[in-house]
Amino acid sequence: TESGKSLANYAFQYKNGGSYLDRREAIAACAAIQDSAAAIDLLKTALRDKYFGLRSFTINSLDLKKDAVKQAVETSLFDLAKGDVNPTVKADALMALGAFDKQIYTDLIRRSVNDSSYSVAGASLNVLSNIDSASAYSEAKKLSQKVAKGKLSQAICNAFAMSGKAEDVDYVLNVYNKLPLSDEKFEFSQ
C-alpha cells in the first residue's frame, strides 16, 4: 500500500484501533486492493461495522465487477438490504444488489419500493428502473400520487424520464422547481 503499511497492519488497525478514522483508513486501503483475499475479508467484516457510516462507506467501496468480491459479500449485502436499522445502509445495500441477477433480490427490491424511508424507496425504484423499467414506471405512477420527498421524488422523476411519456412532464417540472439552488438541483438538471 502507498503508506508503507502492510495489509496485516491495516487488518490489525481495523480490529484494534477502535477509532472511526483508523477503521475508515483500513477500509479505504483494502478497497484499493480488492484482488487480495485478505482485503476482501476485511471489507466483508467492515460491512458489519458498528457505525452505519462505515457500513455505507464499505458498500460503496466494493468493486462488484470482481467475481471474488461479489461472492464474498453477497449474503452480507442481502442481510443489510433486508434488515439494517439505518436507512442509508439499507438503501446502499439495495443499490448494490442490483449487480446480482437473482429473483430473490428482485423481489426484495420490488417490496422495498414501498418502504417508509424515502431513501430506501428511492434506491429501490432506481434499481428497479435498471432491471425492469416497465414495473418501475408502474410503481412510479402509484408513488407519484402520494407525498414523496428527496431520493424518492428523484427516483420517480428518473422512472418517468426513462419512459419518456409527455403526461409525466408536469410532475418532473414540479419537483425540479421546488428544489432550492443546490448541488442536488444541479445534478437533477442533468
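Everything discussed here concerns the structure shown above.
Where do I start with the overall build of the chain in this structure?
Helices and strands together make up the secondary structure of the chain, namely twelve helices and zero strands. For the chain, the spread of C-alpha atoms along the principal axes amounts to about 55 × 40 × 25 Å. Taken across its 190 residues, the chain has 43% of its residues classed as buried. Sequence separation of at least 24 residues holds for 49% of the intrachain contacts in the chain that already meet a minimum separation of 6. Of the roughly 10,400 Å² of accessible surface on the chain, 51% is carried by carbon and sulfur atoms. Here the chain contributes 24 positively and 23 negatively charged side chains, and the mean placements of these two sets differ by 4 Å.

I tried to follow helix H3 (residues 37–46) on my own but got confused; where do I start?
Residue pairs three or four apart in sequence face the same way in an α-helix, which turns once every 3.6 residues. Inspection of H3 places Ala39, Ile40, Leu42, Leu43 and Ala46 among the buried residues, and these make up the whole buried set. The buried side chains of H3 occupy one side of the element, clustering within an arc of 160 degrees when seen end-on. Looking at where H3 begins, the residue whose side-chain oxygen comes 3.3 Å from the main-chain nitrogen of Ala38 is Ser36.

Explain the packing of helix H5 (residues 67–83) against helix H6 (residues 87–97) to me, please; I cannot follow it from the model alone.
A pair of packed helices is characterised by two quantities: the angle between their axes and the separation of those axes. Their axes nearest at 8 Å, the elements H5 and H6 cross at an angle of 135 degrees. Judged by the angle between their axes, H5 and H6 are oblique. Seen from above, H5 lies across H6 with left-handed handedness. Contacts from Leu77, Phe78, Leu80, Ala81 and Lys82 of H5 reach H6 at Val89, Lys90, Ala93, Leu94, Ala96 and Leu97. The residue makeup of the contact of H5 with H6, split by class, is nine nonpolar, no polar and two charged.

Any chance you could explain the packing of aromatic side chains here in plain terms?
Two numbers describe a pair of aromatic rings. These are the distance of the centres and the angle of the planes. For the structure on display, the rule yields six aromatic pairs. Taking the centre distance of 5.0 Å and the plane angle of 50 degrees together, the rings of Tyr51 and Phe52 count as tilted. Using a relative accessible area of 34% as the deciding quantity, one classes Phe52 as partly exposed. Here the aromatic rings of Phe78 and Tyr105 are separated by 5.0 Å at their centres, their planes lie at 50 degrees, and the arrangement is tilted. Taken as a pair, Phe78 in helix H5 and Tyr105 in helix H7 (residues 103–112) lie far apart in primary sequence, 27 residues in all. The exposure class assigned to Phe78 is buried, which follows from its relative accessible area of 14%. An aromatic cluster of three or more residues is present, and its members are Tyr20, Tyr51 and Phe52. It is Arg24 that lies over the ring of Phe57; its NZ or CZ is 3.9 Å from the centre. Over the face of the ring belonging to Phe100 we find Lys70, whose NZ or CZ atom lies 4.9 Å from the ring centre.

I tried to follow the nonpolar core on my own but got confused; where do I start?
Looking at soluble globular proteins, one finds that nonpolar side chains tend to be buried together. In terms of nonpolar packing, the biggest core is built from 52 residues, with Ile59, Leu62, Leu64, Leu77, Leu97, Leu125 and Ile156 touching the most fellow members. Among residues more than four places away in sequence, those in contact with Leu125 are Val113, Ala136, Glu139, Ala140, Leu143, Leu152, Ala155 and Ile156.

Would you take a moment to explain helix H2 (residues 20–31) for this structure?
Taking 1.5 Å of rise per residue, twelve residues should cover 16 Å, and H2 covers 16 Å from first to last C-alpha, within 8% of that figure. Along H2, the residues that are buried comprise Arg23, Ala26, Ile27, Ala29 and Cys30. The arc that holds every buried residue of H2, seen down its axis, measures 165 degrees, which confines them to one face. Against helix H1 (7–17), H3 and helix H4 (52–61) lie the buried residues of H2.

What counts, and where the lines are drawn
Residues numbered from 1 in each chain as written. Predicted model: local features only at pLDDT ≥ 70, side-chain atom pairs only at ≥ 80, totals over all residues. Heavy atoms only, no water. Helix = DSSP H or I, 4+ residues; strand = E, 2+ residues; numbered from the N terminus. Buried < 20%, exposed > 50% of the residue type's maximum accessible area, 1.4 Å probe, protein only. Contact = heavy atoms within 4.5 Å. Areas by Shrake-Rupley, 256 points an atom, 1.4 Å probe, with all protein chains shown as cover. Lys, Arg positive; Asp, Glu negative; His and termini not counted. Charge placed at Lys NZ, Arg CZ, Asp CG, Glu CD. Arc of directions from axis to C-beta. Polar contact = N/O pair within 3.5 Å; in protein donor to acceptor, adjacent residues only side chain to side chain. Axes fitted to C-alpha atoms, helices over the stretch in contact; angles between N-to-C directions. Parallel < 35°, antiparallel > 145°, perpendicular 65-115°, else oblique. Left-handed = near helix turned anticlockwise from the far one by under 90°. Nonpolar A, V, L, I, M, F, W, Y, C, P; charged D, E, K, R; others polar. Phe/Tyr/Trp six-rings, centres within 6.5 Å; stacked < 30°, edge-to-face > 60°. Lys NZ or Arg CZ within 6 Å of the ring centre and 35° of its normal. Core = buried A, V, L, I, M, F, W, Y, C linked by side-chain atoms within 4.5 Å. Expected span 1.5 Å × (residues − 1).

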